[in-house]
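# Coordinate inspection notes
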Amino acid sequence: MRKWISFPKQVGKSSRQAHADFPEQAIYEREAGRSGFFGPATHFHHQHAPTGWSEWRGPLRPRAFDFNKLEAIAPGNPWLTPDLLHNNNCRFRLWHCHSKMDYLVRNADGDDLLFVHEGSGHLYCDYGHIHLVKGDYFLIPRSTNWRLEPDETMQLLMIEATNGSYGLPEKGLVGNHAIFDPAVLDTPDIDEAFQAQYSEDQWQVYVKRHQQVSVITYPYNPLDAIGWHGELAPVRLNWRDIRPLMSHRYHLPPSAHTTFVAERFVVCTFVPRPIESDPGALKVPFYHNNDDYDEVLFYHEGDFFSRDNIDRGMVTFHPAGFTHGPHPKAFKAGREHKKKFTDEVAVMLDTRDALQASDEALAVENPDYVYSWQEK
């Protein structure tokens, strides 16, 4: 078993505590860390912002995409929606469901995590019926049959755990009821709405396996369960039920906001919270090299105070390999204590393996984002 070469060392002028009480003349802290903030780390204190580059060449760079401008994201079924970011363990899509699905879909490649960015609707699956609203996560186990009847157009972020499954993070010292109590997780029900859709009419199931789609036809509706029992089931969690971990004296790393864990990636949720109030504590996300993970942020709603010119429905993508952190305006506001509370809601995907951006994503990229850290 590999063990990190790790020992505490202090050189030059530095703070005793990460993210707090910086030495004079060094207002910029940079964290170089491994294993997604769980491994060894070193904190550098700089005289200049680590994101103060004047020129950037080559394919490795921070990217921003405006997914509001995407085309071909409302096809007949979700499996025709293009991958926007992907690797061997994860696929990141955005699908617009405009009308009632008169067919079923099934993902035989892995679990699907849906996030309702806009709209609401009724979802029917092997396990029953559930009504989804804006801000809901809905976790669908692999090979579950499902369909949607939207109340209005639904914009759905879809994150596939390819050949894998989702679970909940270990909560350690804070206990099982922290962040969100498992009792807030909802499951579908065999209710009157579900029973009303029993049918002897012909139905088709679009099954995705190895990124290819097969169609299975039944002379009846396969959603005909009269009951079920067990510990494998879809679950719903709304971001409003998440109670984030906080410390008034210490800016917690993104890993503290982990919501779901899969093989070689995690999904985190940033929700409104008070900003640190201790005089010596850092008030904005710290500059960091998360050198083992690619980081993707989908902006759902609110004021994204650490980013300039980023609106809801947009995505930033920071591959591993360089320092990133707050934009100058946000950094200045944090130092001047102008912000007391965050009101942003965002979904973060952190992947251990490099993500590839599709042609569809690159078509809506802002090429100037790499220079957005420059002082205006």
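Everything in this summary refers to the structure shown in the same document. Within each chain, residues carry numbers counting from 1 in the order of the written sequence. In keeping with the predicted nature of the model, local features appear solely for residues at pLDDT of at least 70, side-chain atom pairs appear and are counted solely at 80 or more, and the whole-chain, interface and lining totals rest on all residues. Hydrogen atoms and water are omitted, and side-chain values are computed over all heavy atoms in the structure.

## Here we look at the pairing of strand β10 (residues 136-140)
Each regular strand displays side chains that alternate between the two surfaces of the sheet. Burial here depends on accessible area, computed with a 1.4 Å probe over protein chains only, as a share of the maximum for the residue type. Under 20% is buried, over 50% is exposed, and the range in between is partly exposed. For the purposes of this entry, the term helix denotes a DSSP run of H or I that reaches at least four residues, the term strand denotes a run of E that reaches at least two, and both are numbered from the N terminus. The element β10 is largely enclosed, with a buried count of five among its five residues. Of the two faces of β10, both are covered, the one formed by Asp136, Phe138 and Ile140 as well as the one formed by Tyr137 and Leu139. By this definition, two strands are paired if DSSP reports at least two bridges between them. Pairing of β10 with strand β16 (residues 235-238) involves four bridges; the strand directions are antiparallel. Paired with Tyr137 across the bridge in β16 is Leu237.

## Focus: the pattern of salt bridges
Salt bridges are identified by distance alone: a Lys or Arg side-chain nitrogen within 4 Å of an Asp or Glu carboxyl oxygen. Applying the stated criterion to the full structure yields 20 salt bridges. When the shortest N-O distance is used, the salt bridge between Lys208 and Glu160 registers 2.8 Å. Taken together, the residues span a long stretch of sequence, with Lys208 in strand β14 (residues 203-209) and Glu160 in strand β12 (residues 154-162) at a distance of 48 residues. Exposure class is identical for Lys208 and Glu160. Each is buried. With its nearest N and O atoms 2.7 Å apart, the salt bridge here joins Arg264 to Asp353. Here the residue Arg264 occupies a position in the loop between β17 (258-262) and β18 (265-270), and Asp353 occupies one in the loop between β24 (345-351) and β25 (356-357), the gap between them amounting to 89 residues. Using a relative accessible area of 22% as the deciding quantity, one classes Asp353 as partly exposed. Through salt bridges that share partners, Asp83, Arg91, Arg93, Asp109, Glu160, Lys208 and Arg209 make up one connected network.

## Section: the nonpolar core
Nine residue types can take part in a nonpolar core, namely buried Ala, Val, Leu, Ile, Met, Phe, Trp, Tyr and Cys, and a core is a set of them joined through side-chain atoms within 4.5 Å. One finds Phe67, Phe92, Ile159, Tyr166, Phe265, Val267 and Leu349 to be the most contacted residues of the largest nonpolar core, which totals 39 residues. Should any heavy atoms of two residues lie within 4.5 Å, those residues are considered in contact. Setting aside chain neighbours within four positions, we find Val267 in contact with Leu113, Tyr137, Ile159, Tyr166, Thr258, Thr259, Phe260, Val347, Met348 and Leu349. Counting residues in each nonpolar core, the second largest holds 21 residues, with Met101, Val105, Cys125 and Met154 among its members.

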